[in-house]
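Residue-level listing of the chains:
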Amino acid sequence: MDNKIQGLHHITAIAGDAKKNFKFYTEILGLRFIKKTVNFDDPKTYHFYFGDEIGSAGTILTFFPWGTGIPQGRRGSGMATEIGYSIPKGSINFWVDRFEKHNVIYNKPAVKFGEKYLTFLDPDGLKFELIETDDSRKPWTTNEVTFENATRGFHNITLTLNDIKGTAKVLTSIFGYTLVSQESNRYRYAIDSVDNAAIVDLVQIPTEKRGHVANGTVHHVAFRVKDDETLMMFREKVEAAGLNITPQIDRNYFHSLYFREPGGVLFEIATDNPGFMVDEPVEELGKNLKLPAQYEYRRDEIENHLVKLN
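Residues numbered from 1 in each chain as written. Predicted model: local features only at pLDDT ≥ 70, side-chain atom pairs only at ≥ 80, totals over all residues. Heavy atoms only, no water.

- The protein chain has the name Diguanylate cyclase in an unreviewed UniProt entry, where Cellulophaga baltica 18 is given as its organism.

Structure below.
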């Protein structure tokens, strides 16, 4: 199993206002803020990481909060359109009440693949589903979001496509996923190397307009591998399939490859190593601004530019 994809690693999205983004995910959803750093390509923009206590793969949601003036994105074909979190069975009513209290936009609970779920939007319009499942992962909890109701990490990611064939081939032939179920135009793929964060849903809508990646949309989806050796093995597989893929890139907390799958979604493959404690201990995660080494000499300038979160 070690040389297989280990489900989802992280999901990265675009946000607007940094302070609003930070407050929503830590206070309303009750996630742990595990890393406060900056965009590698634009150090005057934050890169936020949210997850469980240690930022376990399969729980990591990250954001580039570009600011209030950025254009609104549009969900559509060629992109990830829904992020699914697992929650304990019987906890949906807690979330309905919570969303009512905090004026979060949501839909009535429904059922899909035999699982009860609740759809909601974050302040920028990013679309989520909370799915009641059996999930033994230890959650991060707060005074208001307790163990009985807290999110456990990702359950699935949904990709919307005009034609699923090319994407499905990448999932099955390269990554090792299997088609396990279908409801109407939604095809569910899962991998057996992990128990959680193991599902990718492909929704086929031939007439759907191309999505636009901007505020309130997913930028890319990252899949997990054990280590660098496995990462480079997958690089060879992706190249052999005729797809363009980047060299290995050091992202400080993991090592990555990027490629665009045939349906248009940007995929990343990311390692477990070295992890989020490489530059601060677990009790300090998210408390300090951590800069990539190449920007450390600009710390005063960058800190003065970035909006204060508290």
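Continuing now.
### Section: helix α2 (residues 92–101)
Stage number 1. All of the buried residues along α2 are Ile 92, Trp 95, Val 96, Arg 98 and Phe 99. Here the buried residues of α2 occupy an arc of 165° about the axis, which is enough to place them on one side. Exposed side of α2, more than 90 degrees from the buried face: Asn 93, Asp 97 and Lys 101 are the residues found there.
Stage number 2. The inward-facing, buried residues of α2 abut α1 (18–28), β5 (79–87), β7 (115–121) and β8 (127–132). (Buried < 20%, exposed > 50% of the residue type's maximum accessible area, 1.4 Å probe, protein only. Helix = DSSP H or I, 4+ residues; strand = E, 2+ residues; numbered from the N terminus. Arc of directions from axis to C-beta. Contact = heavy atoms within 4.5 Å.)

### Details of the packing of aromatic side chains
Stage number 1. Applying the stated criterion across every chain, the model contains 30 aromatic pairs.
Stage number 2. Ring centres of Tyr 49 and Tyr 253 lie 6.1 Å apart, and the angle between their planes is 80°; this geometry places the pair in the edge-to-face category. Separated by 204 residues along the polypeptide, Tyr 49 in strand β3 (residues 46–51) and Tyr 253 in the loop between β14 (249–250) and β15 (254–260) bring together distant segments of the chain.
Stage number 3. Centre to centre, the rings of Tyr 253 and Phe 276 are 5.3 Å apart; their planes meet at 25°, and the pair counts as stacked. Taken together, the residues span a long stretch of sequence, with Tyr 253 in the loop between β14 and β15 and Phe 276 in the loop between β16 (266–274) and α5 (299–305) at a distance of 23 residues.
Stage number 4. Look at Phe 276 and you get buried, because its relative accessible area is 3%.
Stage number 5. The ring centre of Phe 147 lies 4.5 Å from the NZ or CZ of Arg 152, which sits over that ring. (Phe/Tyr/Trp six-rings, centres within 6.5 Å; stacked < 30°, edge-to-face > 60°. Lys NZ or Arg CZ within 6 Å of the ring centre and 35° of its normal.)

### A few points about the pattern of salt bridges
Stage number 1. Across all of its chains, the model carries 20 salt bridges by this definition.
Stage number 2. Between Lys 35 and Asp 279 there is a salt bridge, and its shortest N-O distance comes to 2.6 Å. With a gap of 244 residues between them, Lys 35 in strand β2 (residues 32–38) and Asp 279 in the loop between β16 and α5 connect regions that are remote in the sequence.
Stage number 3. Glu 280 serves as the salt-bridge partner of Lys 35, at 2.9 Å between the closest nitrogen and oxygen. Of this pair, Lys 35 sits in strand β2 while Glu 280 sits in the loop between β16 and α5, placing them 245 residues apart in sequence.
Stage number 4. Using a relative accessible area of 0% as the deciding quantity, one classes Lys 35 as buried.
Stage number 5. A cluster of three or more residues bridged by salt bridges with shared partners is formed by Glu 82, Glu 115, Lys 127, Arg 186, Arg 188 and Asp 201. (Salt bridge = Lys/Arg side-chain N within 4 Å of Asp/Glu carboxyl O.)

### Comments concerning the UniProt feature "domain: VOC" (unreviewed entry) in the protein chain
Stage number 1. Per the UniProt record, the feature "domain: VOC" (unreviewed entry) sits at residues 7–133 and 153–272.
Stage number 2. From the first C-alpha to the last, residues 7–133 spans 17 Å; its make-up is 17% helix and 41% strand.
Stage number 3. The span residues 153–272 carries 20% helix and 42% strand; its end-to-end C-alpha distance comes to 16 Å. (UniProt positions renumbered as here; feature names shortened; annotations may be inferred.)

### Notes on the environment of Ala 110
Stage number 1. Take Ala 110: it is sitting in strand β6 (residues 110–112).
Stage number 2. On the basis of relative accessibility, which here comes to 30%, the residue Ala 110 falls in the partly exposed class.
Stage number 3. Those residues in contact with Ala 110 that sit more than four places away from it in its chain are Glu 115, Lys 116 and Tyr 117.

### Quick notes on the sheet that holds strand β10 (residues 178–183)
Stage number 1. Across the sheet, which stays open at both edges, the 8 strands sit in the order β6-β7-β8-β5-β9-β12-β11-β10 with mixed pairing between neighbours. Among the strands making up the open sheet, the edge pair consists of β6 and β10. When the angles between neighbouring strand axes are averaged without regard to direction, this sheet yields 30°.
Stage number 2. Direction of pairing for strand β9 (residues 153–161) relative to strand β12 (residues 199–204): parallel, over a ladder of 6 bridges. The residue bridging Thr 158 from the neighbouring strand is Asp 201, located in β12.
Stage number 3. Contacts from α2 reach β5, β7 and β8, with the element oriented near 15° to β7. (Pairing = 2+ DSSP bridges. Axes fitted to C-alpha atoms, helices over the stretch in contact; angles between N-to-C directions.)

### Points about the nonpolar core
Stage number 1. Among the nonpolar cores identified, the biggest contains 74 residues, and Tyr 25, Ile 83, Leu 159, Phe 175 and Phe 223 are the most heavily contacted of them.
Stage number 2. Ranked by size, the runner-up nonpolar core spans 8 residues in total, among them Tyr 49, Ile 60, Phe 254 and Ala 270. (Core = buried A, V, L, I, M, F, W, Y, C linked by side-chain atoms within 4.5 Å.)

### What to know about the sheet that holds β14
Stage number 1. With mixed pairing, the 8 strands of this open sheet are ordered in space as β2-β3-β4-β1-β13-β16-β15-β14. Either end of the sheet is taken by a strand with one partner, and the two such strands are β2 and β14.
Stage number 2. For β2 and β3, the ladder comprises 6 bridges, and the chain directions are antiparallel. Note that in β3 the partner of Lys 35 across the bridge is Tyr 49.
Stage number 3. The strands touched by helix α3 (residues 165–175) within the sheet are β13 (218–225), β15 and β16, with β16 carrying the most contacts at an inclination of about 30°.

### Details of the environment of Asp 41
Stage number 1. Looking at where Asp 41 falls in the secondary structure, it is placed in the loop between β2 and β3.
Stage number 2. Residue Asp 41 is classed as exposed on the basis of its relative accessible area of 70%.
Stage number 3. Separated by 196 residues in sequence, Asp 41 and Lys 237 place their C-alpha atoms 28 Å apart.

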